[in-house]
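Secondary and tertiary structure notes
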Amino acid sequence: MEHDLPSIKSWKSLVKRRNNPQEGGKSSWKMKPVMALMCTLLLIFWYKTTNIQYQQTQIEETDYPFEMAKESEPVSEKLKGLPFGIIQPRSDLELKPLWSSTSLRSKGGELTNRNLLAMPVGLKQKDNVDAVVQKFLPANFTVILFHYDGNMDQWWDLEWSSKAIHIVAHNQTKWWFAKRFLHPDIVSIYDYVFLWDEDLGVENFNPQKYLKIVKKAGLEISQPALHPNSTEVHHRITVRSRTNVFHRRVYDSRGNMKCSNTSEGPPCTGFVEGMAPVFSRSAWFCTWNLIQNSGRSGVTRRRGSATFDSRTEIRRQSTWELRTFKERWNRAVEEDKNWIDRSSSTRNRISNNRRFKRSSVISSLLQSQAEETRK
């Protein structure tokens, strides 16, 4: 036990040091300037690092506006009376059985369909719609059909009809349907939304291969390229390239429209036709909010039976809606003082400026650290 306990002499020495603060305080006072310097350096480093992270976040918000977008607003204050864990603010378009076995119930609601095909359909295009749906269902797509002619009962003879969702509203466009039935909170489980017209040919189209290209290229809004011999080619940018898997711009020196590297807008670049758009989840959140609620918002290819020229009237309606949209846009931009224009030219300029500032900050930080090390 002798070696386990301190001697009486050592206890006296400890008591003496405690009663004499001047002796123990000499070494601590020597350390205080060093500690103060270290704290100052840590504060400077923390400030510089935080500033760099902030600038990097600003760059990402500019370069990737879709990814940084919030896809839904917070749960309403009106739901404060409910326990948070019971609230489900989102849903989906997956069909559920009226009852399920015990084994299926134990697995829960596993969702395997992660992409959505939505189409406005009429009975006259039934055969073509059948061909399209049979391409997409095996690729694990959920299918929703908007019947604009009211003839839904005549679709039940198709084998896959009971697996699709059917919505009927007479003489409405696909954008009218999309605004009312494809809310972002309803389609948020789907990685991509295909909002297609009913008369597209899919003989040479593979949904799975297409999505691989889209994901690899990071395309937020896209469309399958058209065959060069297609009769529906209205802009060269929509024609399939003979050399590239995908393209974002087209070069053309013919006619009045000159498309070059300096071109910044449609139809040279940044252009997708309304007949076959494909949206990522984030892009659809933005697009849905842009679709105006007051009008028809686009033209669905329909074969009207009216005696007057319905196509002419639809074009006039579309022209009026486009003019109205532009007026609303300009007014909204003027009223919203905090809005930032993220068009290509402005975005590139801001991004380059911020990258320059970020490199300057990093250089300044490295220089100050080197100076502090030399000291």
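Just above sits the structure.
First things first, this report covers the structure right here in the doc. These numbers come from a predicted model, not from an experiment.

**Things to note about the sheet that holds strand S6 (residues 278-280)**
- Taken in spatial order, the 6 strands of this open sheet run S3-S2-S1-S4-S6-S5, and their pairing is mixed. Unpaired on one side and paired on the other, strand S3 (165-168) and strand S5 (221-222) mark the two borders of the sheet.
- One ladder, built from 4 bridges, connects strand S2 (residues 141-147) with S3; its direction is parallel. Residue pairing for S3: Phe146 is matched across the bridge by Ile167.
- With respect to the sheet, helix H7 (residues 281-290) is in contact with strand S4 (192-195), S5 and S6, its orientation differing from that of S6 by roughly 105°.

**Some words on the packing of helix H5 (residues 174-181) against H7**
- Here H5 crosses H7 at 110°, and the two axes come no closer than 10 Å. When the interaxial angle is binned, H5 and H7 end up roughly perpendicular. In the crossing of H5 with H7, the sense of the turn from one axis to the other is left-handed. In contact with Trp175, Ala178 and Lys179 of H5, H7 contributes Trp284, Trp288 and Asn289.
- Residues belonging to the contact of H5 with H7 are distributed by class as follows: 4 nonpolar, 1 polar and 1 charged.

**Regarding the side chain of Glu321**
- For Glu321, the location among the structural elements is in helix H8 (residues 310-335).
- There is a polar contact of 2.9 Å between the side chain of Glu321 and the side chain of Gln317.

**Overview of the nonpolar core**
- The biggest cluster of nonpolar side chains holds 30 residues, and the ones touching the most others in it are Leu117, Met119, Val129, Phe136, Trp160, Phe194 and Trp196.
- For this core, the secondary structure elements donating two or more residues are strand S1 (115-121), helix H4 (126-136), S2, S4 and helix H6 (207-217).
- Phe194 has contacts with Leu116, Leu117, Ala118, Phe136, Phe141, Phe205, Tyr210, Leu211, Pro277 and Val278, leaving out every residue within four places of it along the chain.
- Counting residues in hydrophobic clusters, the runner-up holds 24 residues, among them Ile165, Phe177, Val187 and Val193.

**Regarding unusual backbone geometry**
- Residues other than glycine seldom take positive phi values, yet Asn140 does so here, at roughly 70°.
- Relative to the elements of secondary structure, Asn140 occurs in the loop between H4 and S2.
- Take Asn140: its relative accessible area is 36%, and that puts it in the partly exposed class.
- Positioned with a positive phi, Asn171 is a non-glycine residue whose angle comes to about 55°.
- Topologically, Asn171 is positioned in the loop between S3 and H5.

**So, the pairing of S4**
- By the alternation rule, side chains of S4 split into Tyr192 and Phe194 and Val193 and Leu195, which are all buried.
- Sheet topology places S1 next to S4; 4 bridges connect them, and they run parallel. Its bridge partner being in S4, Asn115 is matched across the sheet by Tyr192.
- Bridge count for S4 against S6 is 3 bridges, and the pairing is antiparallel. Within the sheet, the bridge partner assigned to Val193 lies in S6 and is Phe279.

**Looking at H7**
- Burial in H7 covers these residues: Ser282, Ala283, Trp284, Phe285, Thr287 and Trp288.
- Where the residues of H7 are buried, they touch H5, S4, S5 and S6.

**Examining the packing of aromatic side chains**
- This structure, assessed with the given rule, holds 17 aromatic pairs.
- Taken together through their ring pairs, the aromatic side chains of Phe136, Phe141, Phe194, Trp196, Phe205 and Tyr210 make up a single cluster.
- Over the aromatic face of Trp288 sits the side chain of Lys179, whose NZ or CZ is 3.8 Å from the ring centroid.

Parameters and conventions
Residues numbered from 1 in each chain as written. Predicted model: local features only at pLDDT ≥ 70, side-chain atom pairs only at ≥ 80, totals over all residues. Heavy atoms only, no water. Pairing = 2+ DSSP bridges. Helix = DSSP H or I, 4+ residues; strand = E, 2+ residues; numbered from the N terminus. Contact = heavy atoms within 4.5 Å. Axes fitted to C-alpha atoms, helices over the stretch in contact; angles between N-to-C directions. Parallel < 35°, antiparallel > 145°, perpendicular 65-115°, else oblique. Left-handed = near helix turned anticlockwise from the far one by under 90°. Nonpolar A, V, L, I, M, F, W, Y, C, P; charged D, E, K, R; others polar. Polar contact = N/O pair within 3.5 Å; in protein donor to acceptor, adjacent residues only side chain to side chain. Core = buried A, V, L, I, M, F, W, Y, C linked by side-chain atoms within 4.5 Å. Buried < 20%, exposed > 50% of the residue type's maximum accessible area, 1.4 Å probe, protein only. Phe/Tyr/Trp six-rings, centres within 6.5 Å; stacked < 30°, edge-to-face > 60°. Lys NZ or Arg CZ within 6 Å of the ring centre and 35° of its normal.

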